[in-house]
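Fold and contact review
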Amino acid sequence: MSNIKNNQYTAGLKTDIQYLKGIGPKRAAYLKKIGVETIEDLLFLVPRRYLDRTEIKSIGEIKVDTEATVFVKVLAAGVKKTKNKGDVVRIIVTDQTGILEAIWFNRPDLKNKFHINQQIILSGRISYYTRKQMVNPFYEIIEENSQNHPYLYTGSIIPIYPLTEGFTNWGIRRPIQNAVDNYLNYLTETLPLSVLNKYAFPDIKTAIKNLHFPQTLADTQKAKQRLVYEEFFYLELILALRRLANTQQKKICPLVEKGTLTKKFLAQLPFTLTPGQQKVLVEIKNDMAQELSMNRLLQGDVGSGKTVIAIYAMLIAIENGFQAALMAPTEILAEQHFLVWHKKLRDIGVTSCLLTGSTKAREKKKLLADIEDNTINVVFGTHALIEENIKFYKLGLAIIDEQHRFGVMQRAKLLNKGINPDFLVMTATPIPRTLQMTLYGDLDISILSEKPPGRKKVITKLVNEKNREKVYNFIDQKIQEGRQVYIVCPLIEESEKLDLKAAIKTYEEIKGIFPQYKVGLIHGRLKSAERITTMEAFRQHQIDILVTTTVIEVGVDIVNATVMVIEHPERFGLAQLHQLRGRIGRGSEVAYCLLIVSENRLSTAIERLKYFEKNDDGFNLAEKDLELRGPGQLLGTRQHGLPDLKFANLHDDKNLLFKARDDAFELIRYDPTLTKPEHREIRETFMRKFKNRMYLLRVG
Ligand code: ADP
Ligand code: MG
């Protein structure tokens, strides 16, 4: 037994937190709730904020009707029952210069919080009612039953930690002091001296010490910046290495446009390519004509016309005797691509097929054989494309549509279907520059910034639930004018069953309200055949109103549908709303996006929805989404297989990101194998951080 404990100790920084002096199993369990499992985690527990004691006022000097922060001791604590205001929590505090009262209304959770002799910090507005008072102040319990604690009074900066049950701010400070005293020396430097000097960053030990026991606020900022920079730096290092790997992949042979297929294709298109599309095509053709594989991200707002570019690129591959594959995230989208393009392809002598999870076994067997012997040139599909048993004769170009819906492993699997095939990923999710740099730093980027001509702006309006009637009248009018309508109901995975019910209920209601029109229903649980029939019926205008879940969110393209009603828009993020809205406004008719909001749900989402109402630029919306909800929500960073950001915030720490990126890419240019002696720390840290994730490096 004692042996085990001993081993735990020799594990140094990785020692389980429960073995730290003053913690033990019970308090360790609390710490684990906030992600602190080891001593190292505790050392890296970044204070939420710092309190500068020089800004603390004494009770004697504070003035009525001003804001103040005081550092005080509790003299008395109690709960007062009142007739109409419920229980009032009330404490009397002092700091030797005077006496202050603090009261909280409607805070039953505070009933047992305060005890005599506690040290606390109160912040709030001073009022006067028989004595100086703070009503509903911000409070922070610093320590229980304080007598003089030496650490608390060193320095003027008090770190305030993200607290967990079972700890006061002071309670956590003592174990941190232990950790700093006994384990700081186990930390090894992770950044080269040149970087530390360049930015005047503290070394790792100083940084951690200053995080917890700072002399000045500037110390704490420098320490934090260092941690943020470091986090970005190693992330960018992965990207720089991936990028390097990408630029070393040689394909079977360059794919140079011959024009045998592409010319015919252009001739039969009902429109001419926009200058923007042509520019992107030049970039793609140029990549394809190289010896090295293309790794390109095509980013263009919803409806900007990316698909036709993808098809064109496919034809170049086929002209050279290769095959091409396009993988889409939903069956609906794969089906649409196939339905829209396979006849046009057939007309110029190109064979194509659709391969999804719904493809019947017998049909699939035939398709697999045809793909393997090049009877089929183009495969449209979903994840079904990357199943093991699917073998291409000669895959020259792999395309991923709406690529943010896929993870790295799926990307990699698709690429493995060929020998370093050219790779094009497309996304309509506008990516803020910060995310481009973190998530796509390894790809070349083409941007399609203009939309095909003649598109009208979509008019977006929030409509109160109470005025639903008006929305229905409007729908009626538009259908009479010959238009079609989407009604979108949220379907979020966690509450799928309930949501599905709600969608079906909406469908029944709409049928009741519009008996004179054809109403269709579509959701992910429908059989593929049924879904194809319904989507085709809608496309052929045999359906006027399509009630749908978010299965139509990406890619669906039906020009005559010009009205979209979104139910419960508060459940969607901005990027998702923008995608949805992108389904309409695809022709020359004015389109309308109506968001039905019910008042009581409004409060928290209102800022987001109002922003959406006034903005139709995908980039602005994405930036705002990033600001409001963080990157995870926007793009599912985890799917990219990149490490999570613990200290850094993509929105607030942009500048450090740009610096870290430049440094990391520069470093890899200069020392691609990280073997120069001065990069030893970096190499070792990199291996330590990512040793189980080396696959990250092989994925483009
Ligand atoms: P997205 O970029 O969202 O994938 P799509 O490729 O689905 O957009 O294109 C949207 C619509 O615009 C389609 O109906 C497509 O046929 C049409 N389109 C694409 N390029 C042009 C163009 N140059 N002129 C006119 N219409 C175009
Ligand atoms: Mg698309």
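For clarity, every value in this text was computed on a predicted model and none was experimentally measured. (Residues numbered from 1 in each chain as written. Chains lettered and ligands numbered in written order. Predicted model: local features only at pLDDT ≥ 70, side-chain atom pairs only at ≥ 80, totals over all residues. Heavy atoms only, no water.)

To continue, consider the environment of Thr549. The residue Thr549 is located in the loop between strand S19 (545-548) and strand S20 (561-567) in this model. A sequence separation of 58 residues divides Thr549 from Leu491, and the C-alpha atoms of the two residues are 5.7 Å apart. With sequence-adjacent residues up to four places away left out, Thr549 is seen in contact with Val488, Cys489, Leu491, Ala503, Ile522, His523 and Gly524. (Helix = DSSP H or I, 4+ residues; strand = E, 2+ residues; numbered from the N terminus. Contact = heavy atoms within 4.5 Å.)

A few words on the sheet that holds strand S18 (residues 519-522). Spatial ordering of the open sheet is given by S16-S21-S20-S17-S19-S18, a layout of six strands whose pairing is parallel. Edge positions in the open sheet fall to strand S16 (458-464) and S18, since each of these has one partner strand only. Averaged over all pairs of adjacent strands, the angle between strand axes in this sheet comes to 20 degrees, irrespective of strand direction. Relative to S19, S18 runs parallel, the two sharing four bridges. From the neighbouring strand, Ile522 faces S19, where its bridge partner is Thr548. (Pairing = 2+ DSSP bridges. Axes fitted to C-alpha atoms, helices over the stretch in contact; angles between N-to-C directions.)

Side chains of a nonpolar character, in soluble globular proteins, are inclined to be buried together. Ranked by internal contacts, the top residues of the largest apolar core, which has 41 residues, are Phe265, Met288, Met314, Phe380 and Leu397. Breaking this core down by element, the ones donating at least two residues are helix H9 (275-288), helix H10 (307-319), strand S10 (323-327), helix H11 (331-347), strand S12 (378-381), strand S13 (395-400) and strand S14 (422-427). When near neighbours in sequence (up to four residues on either side) are disregarded, Leu397 contacts Met288, Met294, Ala313, Met314, Ala317, Gln323, Ala324, Ala325, Pro421, Asp422, Phe423 and Leu424. The next biggest cluster of nonpolar side chains, apart from the first, holds 32 residues, and it includes Ile522, Met535, Leu574 and Val597. (Core = buried A, V, L, I, M, F, W, Y, C linked by side-chain atoms within 4.5 Å. Buried < 20%, exposed > 50% of the residue type's maximum accessible area, 1.4 Å probe, protein only.)

Turning to the pairing of strand S17 (residues 484-488), a few remarks are in order. Extensive coverage of S17 is indicated by the burial of five of its five residues. Residues of S17 alternate between two faces, with Gln484, Tyr486 and Val488 on one and Val485 and Ile487 on the opposite face, all of them buried. As paired strands, S17 and S20 are joined by five bridges and run parallel to one another. Paired with Val488 across the two strands is Ile566, which belongs to S20.

For the pair H9 and H10, interaxial distance at closest approach is 10 Å and the crossing angle is 30 degrees. Put simply, H9 runs roughly parallel to H10. The interaxial crossing formed by H9 with H10 has right-handed handedness. Contacts between H9 and H10 pair Gln277, Val280, Leu281, Ile284, Lys285 and Met288 from the former with Val308, Ile309, Tyr312, Ala313, Ile316 and Ala317 from the latter. (Parallel < 35°, antiparallel > 145°, perpendicular 65-115°, else oblique. Left-handed = near helix turned anticlockwise from the far one by under 90°.)

To continue, consider unusual backbone geometry. If you check the backbone angles, Ala200 has positive phi at about 55 degrees while not being a glycine. Note that Ala200 resides in the loop between helix H5 (193-199) and helix H6 (204-212). Ala200 gets classed as exposed once you look at its relative accessible area, which sits at 51%. Although it is not a glycine, Asn374 adopts a positive phi angle of roughly 70 degrees.

Attention now goes to the sheet that holds S13. Read from one edge to the other, the open sheet built from seven strands follows the order S11-S12-S10-S13-S14-S9-S15, with strand pairing classed as parallel. The outermost strands of the open sheet, each flanked by one partner alone, are strand S11 (352-355) and strand S15 (444-448). Sheet twist, expressed as the mean angle between neighbouring strand axes with direction ignored, is 20 degrees. Inspection of the sheet shows S10 paired to S13 by five bridges, in the parallel sense. When the bridges of S13 are listed, Met327 appears paired with Ile400.

The next thing to look at is helix H2 (residues 24-33). Every buried residue belonging to H2 is among Gly24, Ala28, Tyr30 and Leu31, and all of these are buried. When H2 is viewed along its axis, its buried side chains cluster within an angular range of 155 degrees and face the same direction. Within H2, the exposed residues directed more than 90 degrees away from the buried face are Pro25, Lys26 and Lys33. The first or second residue beyond H2 is Gly35, which carries a positive phi of 85 degrees. (Arc of directions from axis to C-beta.)

In total, this model carries 31 salt bridges according to the counting rule given. A salt bridge links Asp444 to Arg243; the shortest N-O distance between them is 2.8 Å. On the criterion of sequence distance, the pair formed by Asp444 in strand S15 and Arg243 in helix H7 (residues 217-246) is long-range, its members being 201 residues apart. Residue classification places Arg243 among the partly exposed positions, given a relative accessible area of 23%. Among the salt bridges present, the one from Glu509 reaches Lys505, with a minimum N-O distance of 3.8 Å. Linking Glu509 with Lys505, this pair stays in helix H16 (residues 496-513), spanning four residues, or about one helical turn. On the basis of relative accessibility, which here comes to 40%, the residue Glu509 falls in the partly exposed class. Accessibility expressed as a relative area gives 54% for Lys505, which makes it exposed. (Salt bridge = Lys/Arg side-chain N within 4 Å of Asp/Glu carboxyl O.)

This part takes up H9. Over its 14 residues, H9 runs 20 Å from end to end, which matches the ideal 20 Å to within 8%, given 1.5 Å per residue. Of the positions making up H9, those classed as buried are Gly276, Gln277, Val280, Leu281, Ile284, Asp287 and Met288. Looking straight down H9, one finds its buried side chains confined to an arc of 130 degrees; they lie on one side. Opposite the packed face of H9, turned more than 90 degrees from it, sit the exposed residues Pro275 and Val282. (Expected span 1.5 Å × (residues − 1).)

Inspection of the region around ligand 1 gives 16 residues, with Gly303, Lys306, Thr307, Arg455 and Asp557 positioned closest. A distance of 2.8 Å separates a nitrogen atom of ligand 1 from a polar atom in the side chain of Gln277. One of the side-chain N or O atoms of Lys306 is found 2.7 Å from an oxygen atom in ligand 1. Contact with the protein chains covers 85% of the free accessible surface of ligand 1, which is 570 Å². (Near = heavy atom within 4 Å. Polar contact = N/O pair within 3.5 Å; in protein donor to acceptor, adjacent residues only side chain to side chain. Areas by Shrake-Rupley, 256 points an atom, 1.4 Å probe, with all protein chains shown as cover.)

So, to be careful, I would describe these as geometric facts and stop short of saying anything about function.
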